[in-house]
Amino acid sequence: MSCVLTLNAGSSSIKFSVYSADDAPAELASGQVESLYSPTASLTLKWQGEKTKTELGQADHTAGVRAILDAVAPVLDGQDVGAIGHRIVHGGTIYDAPVVLDETVLEKLAAFEPLAPLHQPQNLAAVRAAIAAFPEAVQVGCFDTAFHRGHPWVNDTFALPRKYYEQGVRRYGFHGLSYDYVSGQLAKLDPEGMGRVVIAHLGNGASMTALRDGKSVASTMGFSALDGLPMGTRCGQLDPGVLLYLMSHEGMEADQISDLLYNQSGLKGLSGLSNDMRTLEAADTDEAKEAIAYFVFRVRREIGALAASLGGIDTLVFTGGIGENGANVRAKICEGMDWMGITLDAAANQDSADLISTGSVSVRVIRTNEELVIARAAIAALGAGVSAAAE
Ligand code: ADP
């Protein structure tokens, strides 16, 4: 009997989980390494109902993966790690499905670093660290972009001279592992409601996707994970003229603009307080209220835009930390949307029930599970007969 490990590496964190490698993968343990590249890196392990924290001191991605290896040893209890599944932000135009990571593939993925400079290098650093720590394991890459590769050309391009499209300046779309999981769950819950679906993944990162018969046809995120909805610290949709202004009038360099758009904007920038929706809901300042109002306004606008791209809407699904738990935010988003068939059942919404609507459009709350999508892909690569797309 072997296990699979999933790794989800961010710039300063690595989330991990251990699953049994069988037809119905069970999560045996999970955890997170946090504050990498600071003197206070730490590892939290959740196992057998207990949560333990280990201080790591200064640690990079390699040290973080080694610490995960140590932490999961008692969980494995002598079982092999047969495969490791990695969340990788960018599969470029090449990958529309998970892939076994060998040297050739890793070189191709490194070529996409300019497309996701804040995420792809960290993802690949974790892969290299995992290869060093588990040289016998099959390493599998699962891409945030893969789910969206079938977009029609009008939703894949920008209106720039053609050569930029050819060199990869496209609307890739992200959060694909979450959309994969949620659409798979919806297909089981309500196969009839799968025709025209909008999924709102509202977490610290946020995006929305339109699906026709389970396939992504449009998404609010595009070339980078900045576009579309405002997020915890990211700006969301922005007139490119603002960038020209920041460069020519404020004399800002690329790395300053990058920090502004990725780290200082969104809910945090608007509220001047926090990137965290719960903190803003609890705060009694005009700025916090306006930050929430902007977030709600943009989600409502995108519901309309994505429904238009589908020619209507049968199902709206909320997922992600805000989407799954934020009853007040969901209520504000759906307020006055009866004209398009969206009417919430106030009590069901308050309970974050599976089905929270009474109108012609089914509105659902589905808890996402990106780790399970990665684990299934890793198990499929092990040849255990489990498809990454099926549960
Ligand atoms: P990430 O994108 O980092 O995975 P999550 O999906 O965990 O983030 O979402 C984090 C967001 O969810 C935070 O803004 C947090 O405040 C919000 N959130 C969590 N629980 C609630 C709640 N009960 N009400 C409103 N927002 C919530």
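Scroll up to find the structure this text is about.
Residues numbered from 1 in each chain as written. Predicted model: local features only at pLDDT ≥ 70, side-chain atom pairs only at ≥ 80, totals over all residues. Heavy atoms only, no water.

**Describing the pairing of strand β10 (residues 206-212)**
And then number 1: The buried count for β10 comes to six of seven residues, which makes it a mostly enclosed element.
And then number 2: Bridge count between strand β9 (residues 196-202) and β10: seven bridges; the pairing is antiparallel. Note on β10: the bridge partner recorded for L202 is A206.
And then number 3: When β10 meets strand β11 (residues 215-219), the two strands line up antiparallel, connected through four bridges. For A210, the partnering residue across the bridge sits in β11 and is A218.
And then number 4: Between β10 and β11, which pair antiparallel and follow one another directly, the connecting turn spans two residues, one of which, D213, has a positive phi of 50°. (Buried < 20%, exposed > 50% of the residue type's maximum accessible area, 1.4 Å probe, protein only. Helix = DSSP H or I, 4+ residues; strand = E, 2+ residues; numbered from the N terminus. Pairing = 2+ DSSP bridges.)

**Thoughts on the sheet that holds strand β5 (residues 50-57)**
And then number 1: Here eight strands make up an open sheet; going across it, the order is β5-β4-β3-β2-β1-β6-β8-β7 and the pairing mixed. At either end of the open sheet lies a strand with only one pairing partner, and these are β5 and β7 (99-100).
And then number 2: The pairing of strand β1 (residues 2-9) with strand β6 (residues 80-88) spans six bridges and is classified as parallel. Each residue of the ladder has a partner; that of T6, found in β6, is G85.
And then number 3: Strands in contact with helix α1 (residues 61-76) are β1, β2 (14-20), β3 (27-34), β4 (41-47), β5 and β6; relative to β2, the strand with the most contacts, it is inclined by about 30°. (Contact = heavy atoms within 4.5 Å. Axes fitted to C-alpha atoms, helices over the stretch in contact; angles between N-to-C directions.)

**Focus: the pattern of salt bridges**
And then number 1: What the rule picks out here adds up to 10 salt bridges.
And then number 2: In this structure, the salt-bridge partner of D276 is R278, at a minimum N-O distance of 3.7 Å.
And then number 3: The class of D276 is partly exposed, set by a relative accessible area of 27%.
And then number 4: Given a relative accessible area of 66%, R278 falls into the exposed group. (Salt bridge = Lys/Arg side-chain N within 4 Å of Asp/Glu carboxyl O.)

**Comments concerning the environment of T343**
And then number 1: As for its placement among the helices and strands, T343 is situated in the loop between α12 (327-334) and α13 (346-350).
And then number 2: Between the C-alpha atom of T343 and that of S357, which follows or precedes it by 14 residues, the distance is 5.5 Å.
And then number 3: Setting aside its immediate chain neighbours within four residues, T343 contacts D338, I356, S357, T358 and G359.
And then number 4: In this structure the side chain of T343 is engaged in a polar contact, spanning 3.1 Å, whose partner is the side chain of D338. (Polar contact = N/O pair within 3.5 Å; in protein donor to acceptor, adjacent residues only side chain to side chain.)

**Some points on the site of the ligand**
And then number 1: Surveying the vicinity of the ligand reveals 13 residues, the closest of which are N204, D276, M277, R278 and G321.
And then number 2: Between M277 and the ligand, the recorded distance is 3.0 Å, taken from a backbone N or O atom to an oxygen atom.
And then number 3: Here an oxygen atom of the ligand and a backbone polar atom of G321 are 2.9 Å apart.
And then number 4: Against a free-state accessible area of 580 Å², the protein chains account for coverage of 71% of the ligand.
And then number 5: Listed by contribution, the elements that provide at least two residues to the shell around the ligand are α9 (277-282) and α11 (320-325).
And then number 6: Considering every element that reaches the shell around the ligand, the biggest residue donor is α11, with four residues. (Near = heavy atom within 4 Å. Areas by Shrake-Rupley, 256 points an atom, 1.4 Å probe, with all protein chains shown as cover.)

**Some words on the packing of aromatic side chains**
And then number 1: Under the counting rule described, the total for this entry stands at three aromatic pairs.
And then number 2: Each ring, one from Y95 and one from F143, has its centre 5.2 Å from the other, and the planes form 10°; the classification is stacked. Pair noted here: Y95 is in the loop between β6 and β7 and F143 is in strand β8 (residues 138-143), with a separation of 48 residues, a long-range link.
And then number 3: Assessed through its relative accessible area of 9%, Y95 is described here as buried.
And then number 4: Overall, the relative accessible area of 2% leaves F143 in the buried class.
And then number 5: With centroids separated by 6.5 Å and ring planes inclined at 70°, the aromatic side chains of W153 and Y165 adopt a geometry described as edge-to-face. With W153 in the loop between β8 and α4 (162-166) and Y165 in helix α4, this residue pair connects regions lying 12 residues apart in the sequence.
And then number 6: One Lys or Arg, R170, reaches over the ring of Y165 and ends 3.8 Å from the middle of that ring. (Phe/Tyr/Trp six-rings, centres within 6.5 Å; stacked < 30°, edge-to-face > 60°. Lys NZ or Arg CZ within 6 Å of the ring centre and 35° of its normal.)

**Remarks on the nonpolar core**
And then number 1: Residues L202 and L316 are the most contacted members of the largest nonpolar core, which totals 58 residues.
And then number 2: The contact partners of L316, leaving out residues within four places of it in the chain, are V198, I303, C334, I342, V361, S362, V363 and R364. (Core = buried A, V, L, I, M, F, W, Y, C linked by side-chain atoms within 4.5 Å.)

**Re the pairing of β3**
And then number 1: In this structure, β2 lies alongside β3, joined through six bridges in antiparallel fashion. Each residue of the ladder has a partner; that of I14, found in β3, is V33.
And then number 2: Hairpin geometry of β2 and β3 is characterised by an intervening segment of six residues between the two adjacent antiparallel strands.
And then number 3: Count of turn residues in the β3/β4 antiparallel hairpin: six residues, of which S35 carries a positive phi of about 60°.

**Section: the side chain of T209**
And then number 1: Inspection of the secondary structure assignment puts T209 in strand β10.
And then number 2: Looking at T209, its side chain comes within polar contact range of the side chain of S219, at 2.8 Å.
And then number 3: For T209, the contacting residues outside a window of four places in its chain are H148, Y179, V197, V198, I199, S216, A218, S219 and L306.

**Let's talk about the side chain of Q120**
And then number 1: Locating Q120 in the fold gives a position in helix α3 (residues 120-133).
And then number 2: What makes Q120 buried here is its relative accessible area of 0%.
And then number 3: Dropping the residues within four chain positions of it, Q120 is found in contact with I88, V89, H90, L109, F112 and E113.

**Quick look at the packing of helix α2 (residues 103-110) against α3**
And then number 1: Where α2 contacts α3, the axes come no closer than 10 Å and their chain directions differ by 160°. Classified by the interaxial angle, the pair formed by α2 and α3 is roughly antiparallel. Remark: the crossing between α2 and α3 carries left-handed chirality. Of the residues in α3, those in contact with E103, L106, L109 and A110 of α2 are Q120, L124, V127, R128 and I131.
And then number 2: Of the residues belonging to the contact of α2 with α3, the class tally is six nonpolar, one polar and two charged. (Parallel < 35°, antiparallel > 145°, perpendicular 65-115°, else oblique. Left-handed = near helix turned anticlockwise from the far one by under 90°. Nonpolar A, V, L, I, M, F, W, Y, C, P; charged D, E, K, R; others polar.)

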